[in-house]
Amino acid sequence: MNERISGNLETIGRFDAEFTKLSRHHAQVRGDILDVKAEVAQFRADVTQRLQALLLRMDEVENSIDAGDSRIKDLQRENRGQYNDILTAIQDGLQNSIAYRELSERVELLERRSQL
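To start, this report covers the structure provided alongside it. Every chain is numbered independently, its residues counted from 1 as its sequence is written. Given that this is a predicted model, residues contribute local features only at a pLDDT of at least 70 and side-chain atom pairs are listed and counted only at 80 or more, while totals for whole chains, interfaces and linings are drawn from all residues. With hydrogens and water excluded, all non-hydrogen atoms of the structure serve as input to the side-chain values.

**Overview of the pattern of salt bridges**
Heads up, the condition is: Every case where a carboxyl oxygen of Asp or Glu lies within 4 Å of a side-chain nitrogen of Lys or Arg is listed as a salt bridge. Where helices and strands are cited, they refer to DSSP runs of H or I of at least four residues and of E of at least two residues respectively, numbered from the N terminus. For every residue, the accessible area (1.4 Å probe, protein chains only) is compared with the maximum for its type, and the residue is labelled buried under 20%, exposed over 50%, or partly exposed between those bounds.
All told, the structure shown has five salt bridges when counted by the stated rule. A salt bridge links Glu60 to Arg57; the shortest N-O distance between them is 3.2 Å. Here Glu60 pairs with Arg57, and both are found in helix H1 (residues 2-115), just three residues apart, close to one helical turn. A salt bridge links Glu108 to Arg112; the nearest nitrogen and oxygen atoms lie 3.9 Å apart. Here the residue Glu108 and the residue Arg112 both occupy positions in helix H1, the gap between them amounting to four residues, near one helical turn. For Glu108, a relative accessible area of 44% gives the class partly exposed.

So this is what it looks like as structure tokens:
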């Protein structure tokens, strides 16, 4: 009976040792899981921060594009105005040229009449 009790005590000792190992292993796994959880949280924070930075940069680019678009439209209006001014000046010059030719022809006609 002593041998059985001794055997049972040894078995209980082995169980205690295995439970101690399992307990340590469980504590290690739990620690690893908490470390992974912390790393995932940090990763999420980093990704969120980068996404916010990207969104901010996209807003800046969009505002820059809008400003460029407005400037281009302003330049187009200014260009049209200058083009119209040039056309008007050309038309005025053409009319002046025609009027000059007509006056020159009249002057020549008058000079020829006066010589007769």
